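# Working through the structure, step by step
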Amino acid sequence: LTGMRPGEVCKLRPADLDRNGPVWIFKPIDHKTAHLGRERVVCIGPRAQAILLRYLARDAEAYCFRPCDSEAKRRATQHEARQTPLSCGNRPGGKLVSDPQWAPGIEYCADSYRKAIYRACDQAFPAPAGLTAKALAEWQAAHRWFPNQLRHSAATEVRKEFGLEAAQVILGHSSANVTQIYAERDMVKGIEVAAKIG
C-alpha cells in the first residue's frame, strides 16, 4: 500500500512516524539513497494505517516488525494446539537451550524478511513429494513471491490511477526513468487508443 522498499519496512519504528495528520509520514533514517543526501518520505494512508496500528503498541524505539515477536506468537499458537496433557511430555520452554546457536532477533533485515515470506509460501503451497532438486526449485519459483513484488505492484497501481509522477513520488525516485522500470504501463490505455485511432 505504501510502496516501501523491504529494508524500509524492516526499519519502521513508532518513533519515526509523524501521526499528526490524516496521512502519516514516515522518514526512514537509513535508506537506499541516504548516502547521496536525499531524504526519503513515505506517506501512509488510512488502509496502511489500519494494518500498522496493531504494531505500534510498543516502545517507540522498538521496531514494529520483530522476529522475536513472530516466534513467540508461533510458539503460543503451537502450545494452544497441543494435544498431549501438560502432565505428560515436555512443558513449554522445557527443551530450550540456554545458549542457542541461533535466536530470533529484534529486527528483520531484507533477507530475513524474504526468507519469512518463502517459509509462509512453502507452508501455503507445499511441494508434491518425490520431486527432484531441479523440479523442487521450479515448483518453489512458481509458488513463491518476493517482497519487492509488493513495491512493484503498488507502483503499477499508483501509475495506473494517478500517473507516472505520482508513482515517482510514492517510490521515492529522483528520476521518472527508474519509476518506469517499477511501474508497468497500463495496457488498457494502449488498447483504448489503438481501438480509437485504428
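Remember, it's a predicted structure, so these values are computed and weren't measured experimentally.

### Section: the pattern of salt bridges
Evaluated as defined, the whole model comprises 12 salt bridges. In this structure, D16 engages R13 in a salt bridge whose closest nitrogen and oxygen atoms are separated by 2.9 Å. A relative accessible area of 15% means that R13 is categorised as buried. The partner of E71 in a salt bridge is R75, and the shortest N-O contact between them spans 3.2 Å. Here the residue E71 and the residue R75 both occupy positions in helix α3 (residues 67–80), the gap between them amounting to four residues, near one helical turn. By relative accessible area, which is 17% here, E71 ends up buried. Its relative accessible area of 42% is what places R75 among the partly exposed residues. Taken together, the shared-partner salt bridges in this structure form one network comprising R5, E8 and R40.

### Things to note about the layout of surface pockets
In this structure, the largest pocket encloses a volume near 1600 Å³. If you go around the largest pocket, you meet 45 residues; those closest to its centre are Y55, F65, S70, Y108 and Y113. Counting residues per element, the ones that place at least two in the lining of the largest pocket are α1 (6–10), α2 (46–52), α3, α4 (110–124) and α6 (147–162). Per element, the largest residue contribution to the lining of the largest pocket is eight residues, and it comes from α4. The residue makeup of the lining of the largest pocket, split by class, is 27 nonpolar, six polar and 12 charged. Quantified by volume, the second largest pocket comes out at close to 360 Å³. Along the walls of the second largest pocket sit 14 residues, with L1, T2, R47, E157 and V158 positioned nearest its centre. If you tally residues by element for the lining of the second largest pocket, the top one is α6, at six residues. Considered class by class, the residues forming the lining of the second largest pocket number eight nonpolar, three polar and three charged.

### Re the state of the cysteines
Under the defined criterion, the tally for this structure stands at zero disulfides. Here C109 stays unpaired: no disulfide links it, and the sulfur of C10, its closest cysteine neighbor, is 6.7 Å away.

### Notes on the sheet that holds strand β2 (residues 24–26)
Strand pairing in a sheet relies on backbone hydrogen bonds, with the paired strands running either antiparallel or parallel. With respect to topology, three strands assemble into an open sheet ordered β1-β2-β3, the strand pairing being antiparallel. Each of the sheet's edge strands pairs with one partner strand only, and the pair in question is β1 (17–18) and β3 (42–44). Pairing of β1 with β2, which is carried by two bridges, proceeds in the antiparallel orientation. Bridge pairing in β2 places L17 opposite F26.

### Describing the environment of A57
Mapped onto the elements of the fold, A57 is located in the loop between α2 and α3. Along the primary structure A57 and P14 are separated by 43 residues, whereas in three dimensions their C-alpha atoms are 8.4 Å apart.

### Considerations on the nonpolar core
Counting residues in each nonpolar core, the largest one holds 12 residues, listed as M4, V9, L12, L17, W24, F26, V42, I44, A48, L52, L56 and C64. Elements represented by at least two residues in this core include exactly β2, β3 and α2. Not counting the four nearest positions on each side in its chain, L17 is found in contact with L12, W24, I25, F26, I44, L52 and L56. With five residues, the next largest nonpolar core counts C10, Y108, I117 and C121 among its residues.

About the thresholds
Residues numbered from 1 in each chain as written. Predicted model: local features only at pLDDT ≥ 70, side-chain atom pairs only at ≥ 80, totals over all residues. Heavy atoms only, no water. Salt bridge = Lys/Arg side-chain N within 4 Å of Asp/Glu carboxyl O. Buried < 20%, exposed > 50% of the residue type's maximum accessible area, 1.4 Å probe, protein only. Helix = DSSP H or I, 4+ residues; strand = E, 2+ residues; numbered from the N terminus. 1 Å grid on protein atoms, 1.4 Å probe; cavity = no way out; pocket = protein on both sides within 12 Å on 5 of 7 lines; lining within 4 Å. Points joined across faces, edges and corners; volume = space filled by probe spheres on them. Nonpolar A, V, L, I, M, F, W, Y, C, P; charged D, E, K, R; others polar. Disulfide = S-S within 2.5 Å. Pairing = 2+ DSSP bridges. Core = buried A, V, L, I, M, F, W, Y, C linked by side-chain atoms within 4.5 Å. Contact = heavy atoms within 4.5 Å.

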